[in-house]
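Each chain, written out:
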Amino acid sequence: MTALVSQIPSTIERWDAALAGEIITAHAGMEGAALPILHALQDEFGCVPKQSEPMIADALNVSRAEVHGVISFYHDFRRAPPGHHVLKLCRAESCQSNGGVELADRLLARLGIDWGGTTADRSLTVEPVYCLGLCACSPAALLDGEPMARLNDAKLETMAAEARRT
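Bear in mind the structure is a predicted one, so any value in this text is a computation, not a measurement.

(A) The arrangement of unusual backbone geometry in detail. Residue Pro139 follows Ser138 across a cis peptide bond; omega there is 0°. By the element assignment, Pro139 lies in the loop between β2 (124-129) and β3 (141-143). At Asp144, a residue that is not glycine, the phi angle is positive and equals roughly 55°. On the basis of relative accessible area, Asp144 is assigned to the partly exposed category, the value being 41%. The phi dihedral of Arg150 falls on the positive side, at around 50°, and the residue is not glycine. Relative to the helices and strands, Arg150 is located in the loop between β4 (146-148) and α7 (153-165).

Structure, rendered in structure tokens:
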């Protein structure tokens with residue numbers, strides 16, 4: 001693929017170590033604190049900043065490798081802020097068997113990105129999701145959290161084009 005924009009940058013635009021420290025401290029006492037911390041950081045910064053890993057490791061008394069392992073294991077955690085809109089395409093069995101793989105491949109090729117990538121104009125990020133519970137109307141997707149079902153090339157292209165205009 002060409003024009004991969006949203007890869008793993010070493011910094012993010014809005015990094016604030018003090019704010020990250022407050023977020024980590026506020027959640028560190030919770031049982032199973034790693035996931036709440038990661039979600040809160042992503043909610044604030046749009047991703048889980050690389051710079052936060054040692055802070056999380058210190059707060060939870062675990063290694064940086066363990067923190068990195070949790071972040072890389074869960075598909076919902078991002079290393080770079082997403083585009084203005086996020087399109088999550090279902091990759092589960094029902095969507096696959098109803099043409100979702102080919103549909104996704106064609107869209108990604110048209111956009112010039114790969115899974116998790118963001119268009120060069122930063123308007124749209126396309127991510128995989130593994131079952132939306134819309135199996136009876138697959139293939140399905142979420143655009144900014146709104147479910148879209150019975151997708152075909154025309155519907156998906158219209159969704160992507162509208163998202164890129166706004």
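(B) A look at the packing of aromatic side chains. Throughout the structure, instances matching the rule amount to 3 aromatic pairs. Residues Phe73 and Tyr74 carry aromatic rings whose centres are separated by 4.9 Å and whose planes lie at 90° to one another, so their mutual orientation is edge-to-face. You can call Phe73 exposed: its relative accessible area is 57%.

(C) Geometry of a nonpolar patch on the surface. A contiguous nonpolar surface patch, about 290 Å² in accessible area, is contributed by Leu35, Phe73 and Tyr74. Structurally, Leu35 can be placed in helix α2 (residues 34-45).

(D) Focus on the confidence of the model for the protein chain. With 92% of its residues at a pLDDT of 70 or more, the protein chain shows a mean pLDDT of 91. Across the protein chain, the secondary-structure element scoring lowest on mean pLDDT is α7, at 92, and the one scoring highest is helix α3 (residues 53-60), at 98. Contacts of residues 1-11 to residues separated by more than four positions or lying in other chains number 28 contacts, the stretch itself having pLDDT below 50.

(E) Region of interest: the environment of Met55. Counting through the fold element by element, Met55 comes out in helix α3. According to the relative accessible area criterion, Met55 is partly exposed, its value standing at 25%. Distance from Met55 to Cys135, taken between C-alpha atoms, is 40 Å for residues 80 residues apart in sequence.

(F) Spotlight on the side chain of Lys88. Looking at the element boundaries, Lys88 is found in strand β1 (residues 85-90). In this structure the side chain of Lys88 is engaged in a polar contact, spanning 3.4 Å, whose partner is the side chain of Asp76. Aside from chain neighbours lying at most four places away, what touches Lys88 is Asp76, Glu127, Val129, Leu132, Ala141 and Leu142.

The rules behind each value
Residues numbered from 1 in each chain as written. Predicted model: local features only at pLDDT ≥ 70, side-chain atom pairs only at ≥ 80, totals over all residues. Heavy atoms only, no water. Helix = DSSP H or I, 4+ residues; strand = E, 2+ residues; numbered from the N terminus. Buried < 20%, exposed > 50% of the residue type's maximum accessible area, 1.4 Å probe, protein only. Phe/Tyr/Trp six-rings, centres within 6.5 Å; stacked < 30°, edge-to-face > 60°. Patch = residues over 30% accessible without salt bridge, like charges linked within 9 Å, V, L, I, M, F, W, Y side chains within 5 Å. Areas by Shrake-Rupley, 256 points an atom, 1.4 Å probe, with all protein chains shown as cover. Salt bridge = Lys/Arg side-chain N within 4 Å of Asp/Glu carboxyl O. pLDDT = per-residue confidence, 0-100. Contact = heavy atoms within 4.5 Å. Polar contact = N/O pair within 3.5 Å; in protein donor to acceptor, adjacent residues only side chain to side chain.

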